[in-house]
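Residues per chain, in single letters:
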Amino acid sequence: ALTEGLAVYLRNTCRKYELDVPVLGCYLNLAHPDAAEIAKIQSRYYGHLRVASLAGFGMVGTETGAPNAAYKLEEATHGEEALQTFIRNLAPVVACAEKRGVTMAIEPVWNHIVYNTDRALTVLKSIQSPNLRIIFDPVNMLAIGNLDRRDALLADAMDRLCDYIAMV
């Protein structure tokens, strides 16, 4: 359904009503364990990037998934293998974003692969694209185990991620 015609319709409708769409969400699991499913998921991201570009939307946003089909937190979610899988599967999506002139933004979330500042910076530095940015929802980086350090954690995230944040 993400066709060029839909993109033009959305662009014209938004202009007519003076609406701005800063983020087109595409919250799919780029760490899915099935290669065939990853190809489908990446294709959906490419479609969202195409529509965002043609419709004049600023970016496509996503969370960072989990290394299982259920998209659920498990022990491996915070592991290095899951992070490398996510980076590997995100890289071609970001390359598409570059070609389309659209920003691809990841949102760190405690229950997902990119759950803290260090992991967000690892992704950003691994892919090294000006079209890869951060959606910063500070509450999403908090969990029961780090609530007592929330002020320091959020200050650190703002300090170290500030140059990469596209949206708060």
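About the thresholds
- Residues numbered from 1 in each chain as written.
- Predicted model: local features only at pLDDT ≥ 70, side-chain atom pairs only at ≥ 80, totals over all residues.
- Heavy atoms only, no water.
- Axes fitted to C-alpha atoms, helices over the stretch in contact; angles between N-to-C directions.
- Helix = DSSP H or I, 4+ residues; strand = E, 2+ residues; numbered from the N terminus.
- Parallel < 35°, antiparallel > 145°, perpendicular 65-115°, else oblique.
- Left-handed = near helix turned anticlockwise from the far one by under 90°.
- Contact = heavy atoms within 4.5 Å.
- Nonpolar A, V, L, I, M, F, W, Y, C, P; charged D, E, K, R; others polar.
- Buried < 20%, exposed > 50% of the residue type's maximum accessible area, 1.4 Å probe, protein only.
- Polar contact = N/O pair within 3.5 Å; in protein donor to acceptor, adjacent residues only side chain to side chain.
- Pairing = 2+ DSSP bridges.
- Right-handed = clockwise from strand over helix to strand, strands pointing away.
- Core = buried A, V, L, I, M, F, W, Y, C linked by side-chain atoms within 4.5 Å.

### So, the packing of helix α4 (residues 117-127) against helix α5 (residues 150-161)
Part 1 of the reasoning: The geometry of α4 relative to α5 is characterised by a closest axis approach of 10 Å and an angle of 15° between their N-to-C directions. What the angle tells us is that α4 and α5 run roughly parallel. Handedness of the crossing formed by α4 with α5: right-handed. Only D156, A157, R160 and L161 of α5 make contact with α4, whose side of the interface consists of T117, D118, A120, L121 and L124.
Part 2 of the reasoning: Here the contact of α4 with α5 is composed, by residue class, of 5 nonpolar, 1 polar and 3 charged.

### A word on the packing of helix α1 (residues 4-16) against helix α2 (residues 35-55)
Part 1 of the reasoning: At a minimum axis separation of 8 Å, α1 and α2 run at an interaxial angle of 40°. Here α2 runs oblique to α1, going by the angle between their axes. In this structure, the crossing between α1 and α2 has a hand that is right-handed. Across the interface between the two elements, E4, A7, L10 and R11 of α1 pack against R50, V51, L54 and A55 of α2.

### Regarding α4
Part 1 of the reasoning: What α4 keeps buried is the set T117, R119, A120, L121, V123, L124 and I127.
Part 2 of the reasoning: In this structure, the buried side of α4 is in contact with α3 (80-100), β3 (103-106), β4 (132-135) and α5.
Part 3 of the reasoning: Residue N116 occupies the N-cap position of α4, its side-chain oxygen lying 3.2 Å from the main-chain nitrogen of D118.
Part 4 of the reasoning: Of the residues one or two after α4, Q128 is the one with positive phi, at around 50°.

### Digging into the sheet that holds β3
Part 1 of the reasoning: Read across the sheet, 5 strands follow the order β1-β2-β3-β4-β5 without closing on themselves; strand pairing throughout is parallel. A strand with exactly one partner marks an edge of an open sheet, and here the two such strands are β1 (23-25) and β5 (165-167). Recorded for the sheet is a direction-independent mean angle of 40° between the axes of neighbouring strands.
Part 2 of the reasoning: By the bridge criterion, 3 bridges tie β1 to strand β2 (residues 59-62) in an arrangement that is parallel. Across the sheet, residue L24 finds its bridge partner in β2, namely V60.

### Notes on the pairing of β2
Part 1 of the reasoning: Where burial is concerned, the two faces of β2 agree: the one with M59 and G61 and the one with V60 and T62 are both buried.
Part 2 of the reasoning: Handedness of the crossover joining β1 and β2 through α2 is recorded here as right-handed.
Part 3 of the reasoning: In the sheet, β2 pairs with β3 via 4 bridges, with the strands oriented parallel. The residue bridging V60 from the neighbouring strand is M104, located in β3.
Part 4 of the reasoning: At this point the chain moves from β2, through α3, to the parallel β3, and the crossover so formed is right-handed.

### Quick notes on the nonpolar core
Part 1 of the reasoning: Core analysis: the biggest nonpolar cluster contains 40 residues, and V60, L90, M104 and V123 have the highest contact counts within it.
Part 2 of the reasoning: Of all elements in the fold, only α1, α2, α3, β3, α4, β4 and α5 reach the threshold of two or more residues within this core.
Part 3 of the reasoning: Every residue in contact with L90, bar those within four places of it in the chain, is listed here: L30, M104, I106, V123, I127 and L132.

### Describing the environment of M104
Part 1 of the reasoning: Within the element layout of this structure, M104 appears in strand β3.
Part 2 of the reasoning: Here the alpha-carbon distance between M104 and N12, two residues 92 residues apart in the chain, equals 23 Å.
Part 3 of the reasoning: When near neighbours in sequence (up to four residues on either side) are disregarded, M104 contacts Y45, L49, V60, T62, L90, V93, V94, A97, N131, L132 and R133.

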